[in-house]
Amino acid sequence: MKAEISIVWKKIQSMIDGFMIMLPNIVLALIVFAIFYFVGRQIKRVVRRVTRHHHQARNLGLVLGRLAQSAIVLVGLFISLSIIIPTFKAGDLIQLLGISGVAIGFAFRDILQNFLAGILILLTEPFRIDDQIVFKNFEGTVENIETRATTILTYDGRRIVIPNAELFTNSVTVNTAFDKRRTEYDFSIGYGDDIDCAKQLMLEALYSIKEVLKDPAPDVLVVELAESTVNIRVRWWITPPRRMDDMRSRDKVICAIKKKLVENGIDLPYPTRQILFHDQTEETDGDRSQQREGWPAGKSKVPKPRSIGGAVGTFAQGRSQIDSNGQS
């Protein structure tokens, strides 16, 4: 028993001695790795600072900064391992990573897909930070574009995190891609109103609003002859094309056009529908040449009401004809 304890104690002492011998190398390796990590972060900040004021290169700066930091940290890791383990070679680690790359790829397929999609989004720049986009049922301002996901801030103050793979493989509407944006609204006037006069009044109201651009010029077009109205579409351009600017211009355009039309006697009718009830108690019921279908008789002769006896007789006669045809 004492011999076994002695052997275990000697092994522990040898391990402690080995650790004490490697301790300077471990401390040096940690210092070297910390230096490389610090340098990587500083390079990332420098790249971002340089590209911050260049709108076209802002996303590219994010990609280059992150890649530079990752590369420098990886080099620091290799050097640190070489200090701790002198027999370690970077090629051995690369070979090991290559062997396990297939398994890692299957295990983290979605993560790698989002990572690659994020890199492509940052490089191709279909949209940028501060752009206002529409993706499926989400609409808002792009807060940040990371290598895994993109975050947008909705107009009602909520944050939406969207995986980059979905953004890269689906359609995205970028409302702020250009300096100008066109918006539209439909108005309805009565059939008895003068269409040309109404269109001219709408144009005058549009030109009186400073938020509406004069170039491209606004236009007014008849788009539909509805059941009880003539529908006219008003279209105008605004700049900048952000959501708040669109809402403000829309508010002023609708108010100005409504006021202008009402002041000049143009009708803005409510939807109307006429329902005619067929009176089946008249003696002319079933005669298409005399049946009124609910319309008043006017100067014509009003059909007499059908008696109950006559209605029963007509029903019985029809029934007997059906029975006789069936027997024959």
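See the structure above.
These remarks concern the structure in this document. All values reported here derive from a predicted model rather than from experimental measurement.

What follows is about the packing of aromatic side chains. Per the stated rule, a full pass over the model turns up one aromatic pair. Look at Y185 and F187: their rings are 5.1 Å apart centre to centre, the planes differ by 70 degrees, and that puts the pair in the edge-to-face class. For F187, a relative accessible area of 7% puts it in the buried group.

Within a sheet, adjacent strands bond to each other through the backbone by hydrogen bonds, running parallel or antiparallel. One open sheet accounts for five strands, arranged β4-β3-β2-β1-β5; its pairing is antiparallel. Of all strands in the sheet, those bounded by a partner on one side alone are β4 (159-163) and β5 (173-174).

Attention now goes to the nonpolar core. Counting 19 residues, the largest nonpolar core has M202, V234 and I257 as its most contacted members. At the level of elements, β6 (181-189), α6 (195-207), β8 (230-238) and α7 (243-263) are the ones that each hand at least two residues to this core. Not counting residues within four places of it along the chain, the set of residues in contact with I257 comprises F187, M202, A205, L206 and V234. Counting 15 residues, the second-largest nonpolar core is a separate cluster that includes L62, L122, F127 and V142.

Another point: the pairing of strand β7 (residues 219-225). Strand direction decides the pairing type here: β7 and β8, joined by six bridges, are antiparallel. Within β8, the residue paired with V222 across the bridge is I232. Here β7 folds back onto β8, and the loop between the two strands holds four residues.

With an omega of 0 degrees, the peptide bond between D215 and P216 qualifies as cis. The residue P216 is located in the loop between α6 and β7 in this model. In the segment running from T239 into P240, the intervening peptide bond is cis, with an omega of 0 degrees. Examined against the element boundaries, P240 turns out to sit in the loop between β8 and α7. One non-glycine residue, D130, lies in the positive phi region at around 80 degrees. With respect to the helices, strands and loops of the structure, D130 is situated in the loop between α4 (109-124) and β1 (132-135).

Turning to the pairing of β4, a few remarks are in order. The side-chain alternation of β4 yields one buried face, formed by I160 and I162, and one unburied face, formed by R159, V161 and P163. Two strands pair when backbone bridges link them, and strand β3 (residues 149-154) and β4 are joined in this way by five bridges, in the antiparallel orientation. Of the residues in β4, the one forming a bridge with T150 is I162. From the end of β3 to the start of β4, which pair antiparallel, there are four residues, and G157 there has a positive phi angle of about 85 degrees.

Reading the values: rules and limits
Here the residue numbers are simple positions, counted from 1 along each chain's written sequence. In keeping with the predicted nature of the model, local features appear solely for residues at pLDDT of at least 70, side-chain atom pairs appear and are counted solely at 80 or more, and the whole-chain, interface and lining totals rest on all residues. Neither water nor hydrogens contribute to the side-chain values; these are computed over all heavy atoms in the structure. Classification of ring pairs rests on two measures: the distance between centres of Phe, Tyr or Trp rings, Trp counted by its six-membered ring, which must be within 6.5 Å, and the angle between planes, read as stacked under 30 degrees, edge-to-face over 60 and tilted in between. Three exposure classes are used, based on accessible area relative to the maximum for each residue type with a 1.4 Å probe and protein chains only: buried under 20%, partly exposed in between, and exposed over 50%. Two strands pair under a simple rule: DSSP has to find at least two bridges between them. Only runs of H or I of at least four residues qualify as helices and only runs of E of at least two qualify as strands under DSSP, and these elements are numbered from the N terminus. By nonpolar core we mean a set of buried residues, namely Ala, Val, Leu, Ile, Met, Phe, Trp, Tyr and Cys, connected to one another through side-chain atoms within 4.5 Å. Contact between two residues is taken to exist if any of their heavy atoms lie within 4.5 Å; hydrogens are not considered.

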